Amino acid sequence: MDLLDGRLKFRHLTLLIAVYEHGSVVRAAESLHLTQPAATRTLRELEAVAELPLFTRVPRGMLPSVYGEALVGHARAVVAEVRRAEEHLTGLRQGRDGTVTVGTLLAGANVLLPRAVARLKRERPRLTVVVREGTVDVLHPALLGGELDVIVGRVGAVPGDGEGGERLRQRVLYREPIRLAVRAGHPLLGEARPHGGDAPEVTLTDALGHPWILPVEQTALRQELAALFVDRGLSLPVDRVECTSILTMRALLLQTDMVALLPELVLRDDEHLAALPVELPSVGRTVGVTEAAHRTRTPALEALLRHLDEEAALLRASLPGGSAGGSGALLL
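Cut-offs and rules
- Residues numbered from 1 in each chain as written.
- Predicted model: local features only at pLDDT ≥ 70, side-chain atom pairs only at ≥ 80, totals over all residues.
- Heavy atoms only, no water.
- Helix = DSSP H or I, 4+ residues; strand = E, 2+ residues; numbered from the N terminus.
- Buried < 20%, exposed > 50% of the residue type's maximum accessible area, 1.4 Å probe, protein only.
- Contact = heavy atoms within 4.5 Å.
- Areas by Shrake-Rupley, 256 points an atom, 1.4 Å probe, with all protein chains shown as cover.
- Pairing = 2+ DSSP bridges.
- Expected span 1.5 Å × (residues − 1).
- Core = buried A, V, L, I, M, F, W, Y, C linked by side-chain atoms within 4.5 Å.
- Axes fitted to C-alpha atoms, helices over the stretch in contact; angles between N-to-C directions.
- Parallel < 35°, antiparallel > 145°, perpendicular 65-115°, else oblique.
- Nonpolar A, V, L, I, M, F, W, Y, C, P; charged D, E, K, R; others polar.

Chemist: Even after reading the chapter, I still don't get the overall build of the chain, so can you show me in this structure?
Modeler: From N to C terminus, the chain includes 12 helices and 12 strands. Expressed as a percentage of its 332 residues, the buried residues of the chain come to 44%. Partitioning the contacts of the chain with sequence separation of at least 6, the portion at a separation of at least 24 is 75%. Accessible surface for the chain amounts to roughly 16500 Å². Of this, 54% is attributable to carbon and sulfur atoms.

Chemist: I'm lost on the side chain of His186 in this one. Help?
Modeler: Within the element layout of this structure, His186 appears in the loop between strand S6 (168-183) and helix H7 (187-191). According to the relative accessible area criterion, His186 is buried, its value standing at 2%. Here His186 is in contact with His210, Asp257, Met258 and Val259, once residues within four sequence places are set aside.

Chemist: Whenever I open this one, the pairing of strand S3 (residues 99-104) confuses me. Can you help?
Modeler: Residues in a regular strand project their side chains so that they alternate between the two faces of the sheet. Burial of S3 is extensive: five of the six residues sit out of reach of the surface. For S3 and strand S4 (residues 128-133), the ladder comprises six bridges, and the chain directions are parallel. Its bridge partner being in S4, Val100 is matched across the sheet by Val129. Relative to strand S5 (residues 150-154), S3 is paired through three bridges, and the arrangement is parallel. From the neighbouring strand, Gly103 faces S5, where its bridge partner is Ile151.

Chemist: Explain helix H1 (residues 10-22) here, please?
Modeler: Side chains of residues three or four places apart in an α-helix project in the same direction, reflecting 3.6 residues per turn. For H1, with 13 residues, the first-to-last C-alpha span of 18 Å sits near the 18 Å given by 1.5 Å per residue. Three or more residues of H1 are buried, namely His12, Leu13, Leu15, Leu16, Ile17, Ala18 and Val19. The first or second residue beyond H1 is Gly23, which carries a positive phi of 70 degrees.

Chemist: How should the nonpolar core be read in this particular structure?
Modeler: Side chains of a nonpolar character, in soluble globular proteins, are inclined to be buried together. Grouped together as the largest cluster of nonpolar side chains are 25 residues, with contacts concentrated most on Val100, Leu112, Val150, Val152, Tyr174, Leu304 and Leu308. Residue assignment for this core shows that the elements contributing at least two residues are S3, helix H5 (112-123), S5, S6, strand S11 (284-292) and helix H12 (299-318). If one sorts the elements of this core by residue count, H12 sits on top with eight residues. Of all hydrophobic cores here, the second largest spans 20 residues; its members include Leu15, Ala39, Leu46 and Ala50.

Chemist: What exactly am I supposed to notice about the packing of H1 against helix H3 (residues 36-50) here?
Modeler: The geometry of a pair of packed helices is captured by two quantities: the angle between their axes and the separation between those axes. Two numbers describe how H1 lies on H3: the axes approach to 9 Å, and their chain directions differ by 105 degrees. The pairing of H1 with H3 is recorded here as roughly perpendicular in orientation. Contact with H1, carried on its side by Arg11, His12, Leu15 and Leu16, involves Ala39, Thr42, Leu43, Glu45 and Leu46 of H3 and no other residues of that element. Here the contact of H1 with H3 is built from residues that sort into five nonpolar, two polar and two charged.

Chemist: I'm lost on the pairing of strand S2 (residues 61-64) in this one. Help?
Modeler: Summarising the sheet, strand S1 (residues 55-58) and S2 pair through four bridges and their orientation is antiparallel. Bridge pairing links Thr56 to Leu63 in S2. If you look at the hairpin formed by S1 and S2, you'll find two residues sitting between the two strands.

Chemist: Can you walk me through unusual backbone geometry in this structure?
Modeler: Trans is the prevailing form of peptide bonds, just as negative phi is the prevailing case for residues other than glycine. In this structure, His33 is a non-glycine residue whose phi angle is positive, near 60 degrees. Backbone geometry places Glu51, a non-glycine residue, at a positive phi of 60 degrees. By the secondary structure assignment, Glu51 is in the loop between H3 and S1. The class for Glu51 is exposed, based on a relative accessible area of 52%.

Below, the structure is given as structure tokens:
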């Protein structure tokens, strides 16, 4: 097998992706405006180049073989990179147009990303910004597959090398404390006293007397919280909701006596929420950007990254101790 001998064509890759997504040569041909015989012939050519069976014919369509599953990931990355090259050239020619697609992690960009996008849109009103929220297990493959240009949010440990040996490059922008959040007027706020007062301060154990909203298991924040509970000899709350949506969390907090974990910047400007005076020294959030290491940046992405850096500098200055972030990149 030699995929670089000139026989592999771009049309082979687009058909491979279409058959994989539609599960049928007929539907794939329709989506690509091809005749069925032409699509079948192209698929046979691709299998001849690969010297492997890429699909299994079944009564209702086509199922990818283990080789087809592997190759389609690379095909998507190649097609996405070609599309990115087109956007790059278009951006260079037109100067102000283009698209940037951003993945955002749990609470990773509820302050930073909106501010940066607002600045970007004032500067380039014709540029389109697409934002997709998800967890690491969803966003990292999408980034490596070319579906995202960048991820904005918490940075830290990442999975092993992605498809095709691609690696992820992370850059820290700032570090932000995580607080236990409740609604204004929550019963626990009435129990809080300053040091030396007549009553003890609220503790983590006190908060366990109320329902909790926890991050889902796939998040680093959940893992840090679980480790903190083990260290304190406590069990995670049984009466709980698991959620990644800030809007849902906020609505639940306002309507109930639940307790949730929220970044300090999210709490700071919300007069309807308050932070409990409970220290969570081992639970924090390092916010930054994650990119595919060797991918060419488009002009649209370059512009967004510049505004993210500028907004992050302002946020760093407003956080306790300056919450020094990194201007250097961490290559993982």
